Amino acid sequence: REYFQQQSPLLGNQYIEDTQLIRALQRVLPAKILKEIEGDLTQFGERVVKDILELGRASENNPPKLIQYDAWGKRIDKIVVDESWNKLKDIGCSEGLVSIGYERKYQEYSRIYQYIKIYLFACSSAVFDCPMSMTDGAARLIELYGDKGMKEDEYKHFISRDPKTFWTSGQWMTEKTGGSDVSKSETIAVSSGSGDGKTCNLSGYKYFTSATTSEGAMVLARDVDDAKTMKGAVEGSRGLSVYFIKLRKPNGELDRIQVHKLKNKFGTKAVPTAELELMGTPAVRVGPKGRGVPVIASILNITRIHNVIHSAATMRRCVAIVRDFAHRRTVFGKLLKDNLLYLSTLAEMELEFRASLHLLLDVTLLLGKSERIVEKQSSNSEEQKQIDLLLRIVTPLSKLYTAKQSVTVASEAIEALGGTGYMEDSDMPRLFRDTQVTSIWEGTTNVLSMDIWRTLKEPLTIKFYFQSIENRLIQANKLLNNDNNIQKVISVIREAMKTIRSVIDKVMNGDMEYAESN
Ligand code: MFK
Ligand code: FAD
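In the nomenclature of an unreviewed UniProt entry, the protein chain corresponds to Acyl-CoA dehydrogenase family member 11 from the organism Dictyostelium discoideum. As stated in UniProt under Cofactor (unreviewed entry), the record for the protein chain gives "FAD". You can read under Sequence similarities (unreviewed entry) in the UniProt record for the protein chain the words "Belongs to the acyl-CoA dehydrogenase family."

A. Structural detail: the overall build of the protein chain. Per the secondary structure count, the protein chain includes 17 helices and 11 strands. When the 518 residues of the protein chain are sorted by exposure, 47% land in the buried category. Pairs at least 24 apart in sequence give 72% of the contacts found in the protein chain among residues at least 6 apart.

B. Representation of the nonpolar core in the model. By size, the foremost hydrophobic cluster in this structure holds 126 residues, and its most contacted members are Val219, Tyr243, Ile309, Cys318, Val322 and Ala413. The dominant element in this core, judged by the number of residues it contributes, is helix H10 (residues 292-326), at 17 residues. Once you skip the residues sitting within four places of it in the chain, Ile309 turns out to touch Tyr115, Ile118, Tyr119, Ala122, Asp129 and Leu360.

C. Just the environment of Glu95, in detail. With respect to the secondary-structure elements, Glu95 resides in the loop between helix H4 (83-94) and helix H5 (100-103). Remark: the alpha-carbon pair of Glu95 and Gly39, spanning 56 residues in sequence, is separated by 13 Å. With near-sequence residues (within four places) excluded, Glu95 lies in contact with Phe44 and Lys117.

D. Region of interest: the site of ligand 2. The full set close to ligand 2 counts 22 residues, and Gly179, Ser180, Phe208, Ser210 and Thr444 are the nearest of them. Secondary-structure elements contributing two or more residues to the shell around ligand 2 are strand E3 (169-172), strand E5 (199-210) and helix H14 (445-455). The residue inventory of the shell around ligand 2, partitioned by class, reads 8 nonpolar, 12 polar and 2 charged.

E. Focus on the pairing of E3. Along E3, one buried face is formed by Ser169 and Gln171 and the opposite face, lined by Gly170 and Trp172, is buried too. Relative to strand E6 (residues 216-224), E3 runs parallel, the two being bridged by 4 bridges. By the bridge assignment, Gln171 is partnered in E6 with Met218.

F. Structural view of the site of ligand 1. Of all residues adjacent to ligand 1, which total 29 residues, the nearest are Ser237, Ala297, His306, Trp441 and Gly443. The element contributing the most residues to the shell around ligand 1 is H10, with 9 residues.

G. Representation of unusual backbone geometry within the structure. Of note in the backbone geometry, Thr268 takes a positive phi value of approximately 40° without being a glycine. With respect to the secondary-structure elements, Thr268 resides in the loop between strand E8 (257-262) and strand E9 (273-286). Residue classification places Thr268 among the buried residues on the basis of 24 C-beta atoms within 10 Å. The phi angle at Phe332 is positive, at roughly 45°, despite the residue not being glycine.

Reading the values: rules and limits
Residues numbered from 1 in each chain as written. Chains lettered and ligands numbered in written order. Predicted model: local features only at pLDDT ≥ 70, side-chain atom pairs only at ≥ 80, totals over all residues. UniProt positions renumbered as here; feature names shortened; annotations may be inferred. Helix = DSSP H or I, 4+ residues; strand = E, 2+ residues; numbered from the N terminus. Buried ≥ 20, exposed ≤ 12 C-beta atoms within 10 Å, placed from the backbone. Contact = placed C-beta atoms within 7 Å. Core = buried A, V, L, I, M, F, W, Y, C linked by C-beta atoms within 7 Å. Near = placed C-beta within 6 Å. Nonpolar A, V, L, I, M, F, W, Y, C, P; charged D, E, K, R; others polar. Pairing = 2+ DSSP bridges.

Right under this line is the structure:
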């Protein structure tokens, strides 16, 4: 007998089929630039459902392993990754996933071009966007705080388009004492005695280190004169500085680092994340002593936008799969695409996706503008101050909102495929697990809300694409200045996010008048 065979949902070109993305790009990019980059986005949109998706699946199916000892009992701490993981690194490099943002061929619009490529890459690449994001952040940190030597050396590796010279970077902040609150960090930096005041040796235990196969890492550590007595240590986060380390010696061995374990994670399974110990690892300070938090924040402000990318990309991938499925699955005599109840579920998902996509583009545009103004050497201008302030608020705001929504959408997408959506090889559980972390790493929802609350103390004369968010933020700012009630302020901030959703809802229902007035 021949039994019924359900057709599986298929993914087409992820750029061409993403009509919302194309429309949104028409909104934010000058037509000439869009025309110039369209060819590249089209070829990449094809690749992410072909070789990149296959490599991502292979990496996921063969996660990293830690080999701590060789046959003779020598400690080697080798992290073995699947060859597909290395190939994803080469592809990410040659596709310019970091470099586009620094070549700045399209001035302030370069970031949009770069981040849309990462958006296409994220859900096919087994979260290789994680190492790419931290490398992007490290490049930015060097651009802002690095000396001439670092700009000629490490920076060039991070923004290279040649896989032979390309490096990725980690970002090591979290310790057992705390990830949100780093003030009790125990890792110490002791001068190497070279006399330049910058080279040190680091010792301490880092509790979460992602992309541990990277060539380098930016590390938070406390400066001390003497490791035994802790003389010279300044307590709290003001005693911390940022140090750059190279993880391995030229022969490939770890340089005074012991990897104690690989984390057994709920998701992001292909990304190696380790607990490790620095045992006098040679390091160079980047940025001023005792300014570790604001210096490393230049990475956080980039990686938090990468989080928005990952969340928006997850929603888009879920919508793409469910939409296609709706054209192939028949229930009660009708294709799901013709079932109004099913469509209303899909519309909810689409709504969240669109809101997040617009937020992503707006925050990216702000980042591009901020970097561009600095480049034009007018960093003290009022325009710069306002853009930076807005960016400082909109970055955590979009990160916290899109992270939460992506988990909801990914969960809904599993159900939308029925029982098969719950099966590992449908790809849906992976999307769900991978996006669950976006609300934890790079700052949890509460921590980011607090960060927005602190920033809102600055005087605000906001200009933002969504008028209604602007109004809410100004309202929060006033509340703060009047009675300093944090609960009220945070609830207004969260209302601002709901507003985005309602504006997009109106747009989807054709109520342009409402949408434009907001
Ligand atoms: C898929 C894409 C993503 C891939 C992710 C990659 C893998 C995951 C990697 C990680 O998870 S890395 C670890 C991430 N960790 C965090 O995000 C930490 C979360 N905690 C916070 O953000 C806390 O708010 C913070 C550590 C910053 C609190 O530290 P403090 O020292 O108590 O902060 P405080 O007093 O608010 O700020 C100290 C200074 O830093 C201030 O400057 P001033 O000294 O000049 O006044 C702040 O303005 C400045 N600062 C803080 N946050 C900033 C910032 N400056 C700019 N931007 C920010 N975001
Ligand atoms: P805590 O800081 O102890 O937080 C616990 C809870 O308290 C949270 O719900 C938090 O929201 C809440 N909370 C904290 N402060 C407040 C407050 N003021 N008000 C109200 N609630 C509050 N870190 C790195 O440095 N480098 C990495 O490469 C890295 N990779 C990671 C990879 C994965 C897969 C994961 C899961 C984490 C990774 N992290 C990394 C660590 C991550 O950044 C931290 O887990 C995160 O910042 C939270 O810190 P914590 O785990 O210490 O939790």
